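Notes for the structure review
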Amino acid sequence: MPLYEYLSETPGDPSKSCIRCSRGFELRRPVERPALELCPLCKNPVRKVVSRVHSPRVAKPFSAKAAKNAGFTVLEKRDEGVFEKL
Ligand SMILES: [Zn+2]
């Protein structure tokens, strides 16, 4: 189930948003359900926020030498994989 993020249409207006939607909240909803239009708490309009892209931080690959120094066994690929035709 995808996780959607919702935010009040009027996050700066305390009379038209509650503590949850003024800060934005996340909600899991089945894809087939229509987007949430009202805050479940205060019933004021909310809009769906395009999900933040959680881009994983790519770790800098360390060199084989550094890996060996760190105690890892370094395996080097010597040839391409052999595929058997089925
Ligand atoms: Zn609210």
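A look at the overall build of the protein
Secondary structure summary: the protein contains two helices and three strands in total. Along the protein, from the amino end to the carboxyl end, the secondary structure elements read β-α-β-β-α. A total of 86 residues make up the protein; the buried ones form 9% of that total. Long-range contacts, defined as pairs at least 24 residues apart, comprise 43% of the intrachain contacts of the protein with a sequence gap of at least 6.

Here's the deal with the nonpolar core
Ranked by size, the top nonpolar core spans five residues in total: Y6, C21, F25, C39 and V46. F25 has contacts with Y6 and R20, leaving out every residue within four places of it along the chain.

Overview of the sheet that holds strand β3 (residues 46-49)
Spatially, three strands are ordered β2-β1-β3 in an open sheet, and the strand pairing comes out antiparallel. Pairing within the sheet leaves two strands with one partner each, and these edge strands are β2 (25-28) and β3. Here the strands of the sheet are splayed against their neighbours by 40° on average, with no regard to which way each runs. When strand β1 (residues 3-8) meets β3, the two strands line up antiparallel, connected through four bridges. Counterpart to Y6 in the pairing with β3 is K48.

Considering the environment of P40
Here P40 lies in the loop between β2 and β3. C-beta crowding within 10 Å serves as the criterion here: with 13 such atoms nearby, P40 is assigned to the partly exposed category. Considering only alpha carbons, one finds P40 and C21, 19 residues apart in sequence, at a separation of 9.0 Å.

Here we look at unusual backbone geometry
Unusually for a residue other than glycine, K43 sits at a positive phi of about 65°. With respect to the helices and strands, the residue K43 is situated in the loop between β2 and β3. Given 11 C-beta atoms within a 10 Å radius, K43 is considered exposed.

Here we look at the confidence of the model for the protein
Mean pLDDT over the protein stands at 83; residues scoring 70 or higher make up 86%. The secondary-structure element of the protein with the lowest mean pLDDT is helix α2 (residues 64-69), recorded at 80, while helix α1 (residues 19-23) shows the highest, at 94.

About the thresholds
- What you see as residue numbers is a count from 1 along each chain, following the sequence as written.
- A pLDDT threshold of at least 70 governs which residues receive local features in this predicted model, and a stricter bar of 80 or more applies before side-chain atom pairs are shown or counted, although totals over entire chains, interfaces and linings include all residues.
- Comment: elements are numbered from the N terminus, with helices defined as DSSP H or I runs of at least four residues and strands as E runs of at least two.
- Here the C-beta atoms are placed from the backbone, and a residue counts as buried if at least 20 other C-beta atoms lie within 10 Å of its own, exposed if 12 or fewer do, and partly exposed otherwise.
- Two residues form a contact once the distance between their C-beta atoms, set from the backbone, is within 7 Å.
- In these notes, a nonpolar core means any group of buried Ala, Val, Leu, Ile, Met, Phe, Trp, Tyr and Cys residues linked to one another through C-beta atoms within 7 Å.
- The rule for pairing is simple: two strands pair if DSSP sees at least two bridges between them.
- Convention adopted: a line fitted to C-alpha atoms gives each axis, helices being fitted over their contacting stretch, and angles between N-to-C directions are expressed from 0 to 180 degrees.
- Confidence of the predictor in every single residue is expressed as pLDDT, which spans 0 to 100.

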